[in-house]
Amino acid sequence: MDTSSRDPDVAHLRCLDCGTTHRDRWRCSCGGVLTYDEWPIADGPAPDPATFDGRDGLWAFDAFIPEQPHVTLGEGMTPLVDAPKWNASFKLEYVFPTGSFKDRGATTILSRATAVGVDTVVEDSSGNAGAAIATYAARAGIDAKIYVPAAAKASKLRAIERAGATPVRVEGTRQAVTDACLQAVESGEAWYASHAWNPAFLAGTATIAYEIALQRDWNAPDAVVLPLGHGTLFLGAYRGFHALEHAGWIDEMPRLLAAQASGYAPIADDRHSDAMETNATETGATETDTNEIADGIQIREPVRAEEIHAAIEATDGDAIALGADAVEAALSRLHRNGFYTEPTCAIASAALEVYREQGTIDHHDDVVVPLTGSGLKG
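This structure is a prediction, so every number in the text was calculated from the model and none was measured.

Attention now goes to the environment of P370. Checked against the element boundaries, P370 lands in strand β13 (residues 367-371). Each C-alpha atom, one on P370 and one on V225, is 7.4 Å from the other, the two residues being 145 residues apart in sequence. Filtering out sequence-adjacent residues up to four positions away, P370 remains in contact with K91, E93, I208, V224, V225, L226, L233 and A348.

Structure follows, in structure tokens:
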């Protein structure tokens, strides 16, 4: 792997466990996850929303992004539209270049890969992240191999292949896919463009918070309901709203409320272990229900679980698990009302209704729900 053209100004990373700083690693030598040693914070007051220049897409918020825009397709500034039948606003993340929110992280992580002189990247993904990494690697002129479950949807495999990347199909569990990818990384075959481990990906997903705040005239909503697998969008939203509050651009952070697929819900299970039966009744899940519809968030061991729990606690948030029936019903309702999404992202709108039924969200609360993937991927 050629790293001869490294940028000396690449932001350093710090281990959340031992505090060691690194320049170019995906995980600390102690096994801990990494974050930026310093996250940039904008100076001065928030600009007038009416005069904010968004022509650079999400990179218009470069004051908050610890990477440089070496690889971009003009991504970002997705619409925030009223959804009166849900008494909420939907952030249409499915209009990105590759049809999902994962482009937010792909532009920043491939920009970092370019800065450190990478010539080949690998990633493990059930679909959307792989398609995004493959596409942005093509834009950067970097080779890519995407490790995918053998049963990955044909539509997502086509997106990877047509971008010139090589899909590597792996039989077995989602963890088996990750293990196979890590073998390639540890052998020195390629640079790990991991949407779960690499903090450069979170630097991109944080931009959803900046856009939501801008589109609401620098006012945060009362709550944001998001799908949760590895937590890349959830933690990005937390990081972004926290940065805006710290900069004084918003007055307070919204509550962050997560939706997980039953059978793949470690965060929700941890939070509701004493009330599993009640929670199952309310969400349409059962103790034996495994939600195979929301395939994009089938993660049983998110690598940043501690950070996810901390973000939930810091925002007075929560996480619940939903069964397949609830997601199917929510998906049909979205399609009938003009929101052509893939199945996984329907779990967030389904969770919105459950949170209201539980009283977690009041009917008068101002709520934003990101719709994270296109129905063309379904």
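For the rest of this paragraph, the subject is the layout of surface pockets. Empty space within the largest pocket amounts to approximately 990 Å³. Lining the largest pocket are 47 residues, and of these S126, R174, D295, Q298 and I299 sit closest to its centre. For the lining of the largest pocket, the elements supplying multiple residues, two or more each, are α2 (128-140), α4 (174-186) and α7 (232-247). Element by element, the count of residues in the lining of the largest pocket is highest for α4, at five residues. For the lining of the largest pocket, the per-class residue count stands at 17 nonpolar, 19 polar and 11 charged.

Turning our eyes to something else, we now look at helix α6 (residues 207-215). Most of α6 is tucked away: eight of the nine residues are buried. Every buried residue belonging to α6 is among T207, I208, A209, Y210, E211, I212, A213 and L214, and all of these are buried. If you follow the buried residues of α6, they end up packed against β4 (80-83), β5 (88-92), α1 (102-115), α5 (199-205), α7 and β13. Positive phi shows up at D217, right after α6, with a value of about 60°.

So, about the sheet that holds strand β3 (residues 34-36). Spatial strand order, β2-β1-β3: three strands in an open sheet with antiparallel pairing. Strands with a single pairing partner mark the edges of an open sheet, and in this sheet they are β2 (21-22) and β3. Note that strand β1 (residues 13-15) and β2 share two bridges and pair antiparallel. Looking at the pairing, L13 lines up with H22 of β2.

A pair of packed helices is captured by two measures, namely the crossing angle of their axes and the spacing between those axes. Between α1 and α2, the least distance of the axes is 9 Å, while the angle of their chain directions is 40°. Our classification of the angle between α1 and α2 gives oblique. Crossing of α1 against α2: the hand is right-handed. Together, K102, D103, A106, T107, I109, L110 and T114 of α1 and N128, A129, A132, I133, Y136, A137 and A140 of α2 make up the contact between the two elements. Its residues assigned to classes, the contact of α1 with α2 shows nine nonpolar, three polar and two charged.

This part is about the pairing of strand β10 (residues 223-227). Counted residue by residue, β10 has five buried out of five residues, so it is predominantly covered. A two-sided burial pattern is seen for β10, the buried positions comprising A223, V225 and P227 on one face and V224 and L226 on the other. The β-α-β motif built from β10, the intervening α7 and the parallel element strand β11 (residues 255-261) has right-handed crossover chirality. Strand direction decides the pairing type here: β10 and β13, joined by two bridges, are parallel.

Take the pattern of salt bridges next. Per the stated rule, a full pass over the model turns up 17 salt bridges. Across the pair E353 and R356 runs a salt bridge, and its minimum N-O distance is 3.9 Å. Of this pair, E353 and R356 both sit in helix α12 (residues 346-358), separated by three residues, roughly a single helical turn. The exposure class assigned to R356 is buried, which follows from its relative accessible area of 7%. Connected through salt bridges with shared partners, the residues K91, E93, R104 and E211 form a single ionic network.

Glancing now at the packing of helix α11 (residues 324-336) against α12. Contact geometry for α11 and α12: axes closest at 8 Å, N-to-C directions at 105°. Here α11 is positioned roughly perpendicular relative to α12, judged by the angle of their axes. Residues A326, V327, A330, L331, R333 and L334 of α11 touch α12, and the partners they reach there are A346, I347, S349, A350 and E353. Taken together, the residues of the contact of α11 with α12 break down into eight nonpolar, one polar and two charged.

Now for the confidence of the model for the protein chain. Residue-level pLDDT values for the protein chain average 93, and 94% of them are 70 or greater. In this model residues 277-281 is a low-confidence stretch, pLDDT under 50, and it forms six contacts with partners more than four residues away in sequence or in other chains.

A separate point is the sheet that holds strand β6 (residues 120-124). Hydrogen bonding along the main chain pairs the strands of a sheet, whether they run parallel or antiparallel. Pairing is parallel across the open sheet formed by four strands, whose spatial order is β8-β7-β6-β9. Looking at strand neighbours, the two that pair on one side only are β8 (166-170) and β9 (191-192), the edges of this open sheet. Direction of pairing for strand β7 (residues 143-149) relative to β8: parallel, over a ladder of five bridges. Among the inter-strand pairings, I146 is bridged to a residue of β8, identified as P167. In the packing of helix α3 (residues 154-162) onto the sheet, the strands contacted are β7 and β8, and the crossing angle to β8 comes to about 140°.

Here the focus is a negative patch on the surface. Taken together, the side chains of D222, E245, D251 and E252 make up a negatively charged region of the molecular surface. Within the secondary structure, D222 is located in the loop between α6 and β10. Residue D222 is classed as partly exposed on the basis of its relative accessible area of 36%.

The rules behind these values
Residues numbered from 1 in each chain as written. Predicted model: local features only at pLDDT ≥ 70, side-chain atom pairs only at ≥ 80, totals over all residues. Heavy atoms only, no water. Helix = DSSP H or I, 4+ residues; strand = E, 2+ residues; numbered from the N terminus. Contact = heavy atoms within 4.5 Å. 1 Å grid on protein atoms, 1.4 Å probe; cavity = no way out; pocket = protein on both sides within 12 Å on 5 of 7 lines; lining within 4 Å. Points joined across faces, edges and corners; volume = space filled by probe spheres on them. Nonpolar A, V, L, I, M, F, W, Y, C, P; charged D, E, K, R; others polar. Buried < 20%, exposed > 50% of the residue type's maximum accessible area, 1.4 Å probe, protein only. Pairing = 2+ DSSP bridges. Axes fitted to C-alpha atoms, helices over the stretch in contact; angles between N-to-C directions. Parallel < 35°, antiparallel > 145°, perpendicular 65-115°, else oblique. Left-handed = near helix turned anticlockwise from the far one by under 90°. Right-handed = clockwise from strand over helix to strand, strands pointing away. Salt bridge = Lys/Arg side-chain N within 4 Å of Asp/Glu carboxyl O. pLDDT = per-residue confidence, 0-100. Patch = residues over 30% accessible without salt bridge, like charges linked within 9 Å, V, L, I, M, F, W, Y side chains within 5 Å. Areas by Shrake-Rupley, 256 points an atom, 1.4 Å probe, with all protein chains shown as cover. Lys, Arg positive; Asp, Glu negative; His and termini not counted. Charge placed at Lys NZ, Arg CZ, Asp CG, Glu CD.

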